[in-house]
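Residue-level listing of the chains:
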Amino acid sequence: MPIQLHDSLSRTSRPLAPAQADGIYRFYNCGPTVYAAAHIGNFRTFVVNDLLRRLLDLEFPGKVKHVRNLTDVDDKTIRRSREEGRPLAAVTKEWTDKFHADCAALNCLPPHVEPSATGHIPEQIDMIAALEKRGHAYRTDDGSVYFKVSSFPGYGALSRVKERELRVGSALAGKPQTHDADEKEDGSDFALWKGHKPDDGDNFWPSPWGQGRPGWHIECSAMSKKHLGDTIDLHTGGVDLLFPHHENEIAQSQCCNGTTFAHHWYHSEHLLVDGKKMSKSLGNLYTLDQLKEMGHSPAALRYALLAGHPRKQLNFTLDSLHAAEKALAQLRTFRAALQPGGTADPFAPALAALQDDLNTPNALGIIFTALHAGPANVSPAAFDRILFALGLDLSEPVAPKADVPAEVTALAEQRWAVKAAKNWAEADRLRGAIAALGWTMLDRKDGYSLEPAKK
Ligand code: AMP
Ligand code: ZN
């Protein structure tokens, strides 16, 4: 059975198959903006995309080409670099490395190509020049270049932005520009190239329009063209990217290349906290590191993120991580009980559920029904295949983190306060009191942690 996946453009579930004769499945996934740690909402999207990647790998072995970009120049990255007085490249390298480490901890397969916006300036300039030549773009006095939305009749097909809204520009005006605040707000036209402003510091490149930097949307059009060609099989991202980002990508790519940009569009839904989208601007976020410090494992987070249907919003709770740890423990016990000669595959329907629009709740339900039926004659290979598809790595059981007694926490709080007051004698005395209760207080610059004393 081929993978069936909801397509945001046609609003139907459609089978996935490579369109081109070489049989390569071309998959482009919008990547992170690297100016801070990605939060677990971002990782919901990347884990869902990893599930998709794994199903594609099973369906088209050795024939999948997965490209995911790094947005390493935009308003946010530049602002961060200026705030910290560090070069843009130093900031984006730090957060790219962190993103990679978190992806690895969450068992996400690396994409085959991970192009960066700053590494593809000439490709973006070429594309803008082609759009200008074909009458789809115009220059403004400040050295910027804008895409002329009215030159592309297909605009709005993905997001169903009403024509009327486009005309008065309310669709764009009412929507916060999450990446780049376009200087010009004339209707729905959007920036392809941004003329250099003092706020950009030394982050600018030469171009036929003078010094400046690319707009956000053009990077994905240019990088997918370079690494996957004019037409791709599947383009994905979180639902907030549908408009304007993906609508604009379609306009740029189709006007430049004169052909269909993507055969299939997929958008996964958001992770919420208390009913609100988890986001940096709302400040209601968790990072993987924060959860790890609380004693939760990355595998539990991955499980919890997969437990909800990817096209439905998921409300995040810490309880869901406890439930995930329990589920993982049951999977580990079951795996350990499997005998090499087993031939039965009770997990085939779970794989079919995943292939049916990534129905993870159904798949997990089927898996646990099989677990309750017991391990007799179950094929280890069949179990490992469904675990591979979900990306659940059971190899490292996590040691439960000991609960710190309230008495010890109280002493630690006291010690932290007297240390801040530079009362070293009292700080030493409290360290001894904490040790006498069997705990070690580890000091860092910005806080402390407590660990059971080594015997
Ligand atoms: P960004 O780093 O802001 O470009 O976002 C990276 C990815 O995370 C994009 O595909 C977004 O759509 C996605 N995203 C942002 N916030 C959330 C959220 N709360 N839940 C799920 N995905 C999100
Ligand atoms: Zn993109």
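Above this text sits the structure in question.
Report on the accompanying structure. Computed from a predicted structure; not experimentally measured.

1. Section: the nonpolar core
Among soluble globular proteins, nonpolar side chains are generally buried collectively.
Part 1: Among the nonpolar cores identified, the biggest contains 64 residues, and Leu-331, Phe-347, Ile-367 and Phe-383 are the most heavily contacted of them.
Part 2: The element that contributes the greatest number of residues to this core is helix H1 (residues 40–59), accounting for 9 residues.
Part 3: Setting aside chain neighbours within four positions, we find Ile-367 in contact with Leu-331, Phe-347, Ala-350, Ile-386 and Leu-390.
Part 4: In this structure, Val-145, Ala-222, Ile-232 and Trp-265 belong to the second largest nonpolar core, which totals 39 residues.

2. Brief notes about the environment of Leu-234
Part 1: As for its position among the elements, Leu-234 is in strand S9 (residues 234–238).
Part 2: Through-space distance from the C-alpha of Leu-234 to that of Ala-117 is 20 Å; in sequence the pair is 117 residues apart.
Part 3: Beyond its immediate stretch of four places on either side in the chain, Leu-234 contacts Leu-5, Tyr-25, Arg-26, Phe-27, Tyr-28, Leu-52, Leu-56, His-264 and Tyr-266.

3. Topic: the site of ligand 1
Part 1: Close to ligand 1 lie 18 residues; Gly-41, Thr-45, Asp-240, Leu-271 and Met-278 are nearest.
Part 2: A distance of 3.0 Å separates an oxygen atom of ligand 1 from a polar backbone atom of Gly-238.
Part 3: Interatomic distance of 2.4 Å between a side-chain N/O atom of Asp-240 and an oxygen atom of ligand 1.
Part 4: With 4 residues, H1 is the largest single contributor of residues to the shell around ligand 1.
Part 5: Here the residues of the shell around ligand 1 are counted per class, giving 5 nonpolar, 10 polar and 3 charged.

4. Observations regarding the sheet that holds strand S4 (residues 64–68)
Think of a sheet as strands paired side by side through backbone hydrogen bonds, with each pair either parallel or antiparallel.
Part 1: As summarised here, the arrangement of the 4 strands in space is S4-S3-S9-S10, forming an open sheet in which the pairing is parallel. Each having just a single partner strand, S4 and strand S10 (265–268) make up the two edges of the open sheet. In this sheet, adjacent strand axes meet at a mean angle of 20° when their direction is disregarded.
Part 2: Pairing between strand S3 (residues 25–29) and S9: 3 bridges, direction parallel. Each residue of the ladder has a partner; that of Phe-27, found in S9, is Leu-234.

5. A few points about the environment of Phe-388
Part 1: Within the secondary structure layout, Phe-388 lies in helix H14 (residues 380–390).
Part 2: Take Phe-388: its relative accessible area is 32%, and that puts it in the partly exposed class.
Part 3: Here the alpha-carbon distance between Phe-388 and Arg-54, two residues 334 residues apart in the chain, equals 7.4 Å.
Part 4: Here Phe-388 is in contact with Arg-54, Leu-58 and Leu-109, once residues within four sequence places are set aside.

Rules used in this analysis
- Residues numbered from 1 in each chain as written.
- Chains lettered and ligands numbered in written order.
- Predicted model: local features only at pLDDT ≥ 70, side-chain atom pairs only at ≥ 80, totals over all residues.
- Heavy atoms only, no water.
- Core = buried A, V, L, I, M, F, W, Y, C linked by side-chain atoms within 4.5 Å.
- Buried < 20%, exposed > 50% of the residue type's maximum accessible area, 1.4 Å probe, protein only.
- Helix = DSSP H or I, 4+ residues; strand = E, 2+ residues; numbered from the N terminus.
- Contact = heavy atoms within 4.5 Å.
- Near = heavy atom within 4 Å.
- Polar contact = N/O pair within 3.5 Å; in protein donor to acceptor, adjacent residues only side chain to side chain.
- Nonpolar A, V, L, I, M, F, W, Y, C, P; charged D, E, K, R; others polar.
- Pairing = 2+ DSSP bridges.
- Axes fitted to C-alpha atoms, helices over the stretch in contact; angles between N-to-C directions.

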